[in-house]
Amino acid sequence: MARLNARHPWSHNDHFHRWILSNLPARRRKALDVGCGQGGLVAALAPLFDTVVGNDADPAMCDDTADRCADLANVTIAGGDWAHLDGPFDLVTMVAVLHHLDVDAALRDVRDLLAPGGRFLVVGLAPPRSVTDHLWDAASMVTNPLIGFAKHPRVSRVGPQPPSYPVQDPVMAYDDLRRRTEAVMPGARMRHRVGFRHTIAWTKPA
Ligand SMILES: C[S@@+](CC[C@H](N)C(=O)[O-])C[C@H]1O[C@@H](n2cnc3c(N)ncnc32)[C@H](O)[C@@H]1O
């Protein structure tokens, strides 16, 4: 799978930016991307919100995002603890980040940071545990090279590359994460997706 990905490379995380952009809240004053990495999503959100804050625990990622967004006057970069940033936010996003965090605390912090009517959008990873998880992973294995071929038809000669941001293996299973999310964010919509990912969407009640 890694060799196939290297021949027709695509970003499994960036692939979901379109899902995020098509699920934005109606009110778009302030957005926060937690664990922004190299800032691709921050740059994509900037034209759509009054203010976008990119946060990452890794100073090198904050520098990358600052460079990428240097021409975007409404973007601010905040290192360190995102839970104490000045809210409220109309949107909080986490792409491949929630599994780096203390999930229960992070969900509560997001709930507190969101404005009424604000939205939390997550693209996440979880190890396969249930039959359903394994079926979705099988679907991802089939679709993975097809998506790669569609996005990058020419064979890349570069070979497998190390990730350009800090990564961590997920340990919390999908069903466990769904239970914990439902406890803090009742009514959250969680879905398996191809690309070995899931999504969570929750709107804070007005
Ligand atoms: C797998 S990368 C994903 C980066 C980016 N969201 C993307 O989709 O390309 C996970 C990111 O989360 C960041 N991160 C890890 N723990 C964090 C924390 N406690 N607060 C903020 N960012 C964190 C890492 O530094 C890394 O940039």
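For clarity, every value in this text was computed on a predicted model and none was experimentally measured.

Novice: I keep staring at the overall build of the protein chain and nothing clicks. Help me out?
Specialist: Across its full length, the protein chain carries seven helices and seven strands. The order of helices and strands in the protein chain, counted from the N terminus, is α-α-β-α-β-α-β-β-α-β-α-α-β-β. A compact globule built from 206 residues would reach a C-alpha radius of gyration of about 17 Å, and the protein chain, at 17 Å, matches this within 12%. Along the first, second and third principal axes, the C-alpha set of the protein chain runs to 45 × 40 × 30 Å. Looking at the protein chain as a whole, 43% of its 206 residues are labelled buried. For the protein chain, the proportion of contacts with a sequence separation of at least 24, taken over those separated by at least 6, is 72%. Accessible area for the protein chain stands at about 10700 Å²; split by element, carbon and sulfur atoms hold 54% of it. Charge centroids of the protein chain, computed over 23 positive and 22 negative side chains, lie 9 Å from each other.

Novice: Teacher, can you tell me more about the nonpolar core here?
Specialist: Generally speaking, nonpolar side chains in soluble globular proteins are found buried as a group. Formed by 28 residues in total, the largest nonpolar core has its most connected members in Leu32, Trp82, Leu98 and Phe120. Going through the elements one at a time, β1 (30-34), β4 (89-95), α5 (103-113), β5 (114-124), α7 (174-184) and β7 (197-203) are the ones with two or more residues in this core. Among the elements that take part in this core, α5 stands out by supplying five residues, more than any other. In contact with Leu98, other than residues within four places in its own chain, are Val103, Ala106, Leu107, Val122, Leu177 and Ile200.

Novice: For this particular structure, what's the right way to read the site of the ligand?
Specialist: Near the ligand there are 17 residues, and of these Gly35, Asp56, Ala57, Val95 and Leu101 occur at the shortest range. In this structure, Asp56 approaches the ligand through a side-chain N or O atom, which is 2.5 Å from an oxygen atom. One of the backbone nitrogen or oxygen atoms of Val95 is found 2.9 Å away from a nitrogen atom of the ligand. Across the shell around the ligand, the residue classes tally to 10 nonpolar, five polar and two charged.

Novice: How should the UniProt feature "domain: Methyltransferase type" (unreviewed entry) in the protein chain be read in this particular structure?
Specialist: UniProt's feature table lists "domain: Methyltransferase type" (unreviewed entry) at residues 32-120, given in the numbering used throughout. Across residues 32-120, helical content stands at 30% and strand content at 31%; the span's end C-alpha atoms are separated by 10 Å.

Novice: Explain unusual backbone geometry to me, please; I cannot follow it from the model alone.
Specialist: The general pattern is negative phi for most residues beyond glycine and trans for most peptide bonds. Across the junction of Gly87 and Pro88, the peptide omega takes the value -10°, indicating a cis bond. Relative to the assigned elements, Pro88 resides in the loop between β3 (75-79) and β4. The phi dihedral of Ala96 is positive, around 60°, even though this residue is not glycine. On the secondary structure map, Ala96 appears in the loop between β4 and α5. Although it is not a glycine, Phe196 adopts a positive phi angle of roughly 60°. Here Phe196 lies in the loop between β6 (189-193) and β7. Judged by its relative accessible area of 25%, Phe196 is partly exposed.

Novice: Just to check I follow, could you spell out the sheet that holds β3 for this structure?
Specialist: The strands making up a sheet associate through backbone hydrogen bonding, with each pair oriented either parallel or antiparallel. Reading across the sheet, the seven strands line up as β3-β2-β1-β4-β5-β7-β6 and stay open at both edges, with mixed pairing between neighbours. Two strands bound the open sheet, and with one partner strand each, they are β3 and β6. This sheet shows a mean twist of 15° between the axes of neighbouring strands, independent of strand direction. Most of the contacts of helix α4 (residues 59-68) go to β3, to which it runs at about 175°, and overall it touches β2 (51-56) and β3.

Here is what the cut-offs are and how they apply
Residues numbered from 1 in each chain as written. Predicted model: local features only at pLDDT ≥ 70, side-chain atom pairs only at ≥ 80, totals over all residues. Heavy atoms only, no water. Helix = DSSP H or I, 4+ residues; strand = E, 2+ residues; numbered from the N terminus. Rg over C-alpha atoms; globule rule 2.2 N^0.38 Å. Buried < 20%, exposed > 50% of the residue type's maximum accessible area, 1.4 Å probe, protein only. Contact = heavy atoms within 4.5 Å. Areas by Shrake-Rupley, 256 points an atom, 1.4 Å probe, with all protein chains shown as cover. Lys, Arg positive; Asp, Glu negative; His and termini not counted. Charge placed at Lys NZ, Arg CZ, Asp CG, Glu CD. Core = buried A, V, L, I, M, F, W, Y, C linked by side-chain atoms within 4.5 Å. Near = heavy atom within 4 Å. Polar contact = N/O pair within 3.5 Å; in protein donor to acceptor, adjacent residues only side chain to side chain. Nonpolar A, V, L, I, M, F, W, Y, C, P; charged D, E, K, R; others polar. UniProt positions renumbered as here; feature names shortened; annotations may be inferred. Pairing = 2+ DSSP bridges. Axes fitted to C-alpha atoms, helices over the stretch in contact; angles between N-to-C directions.

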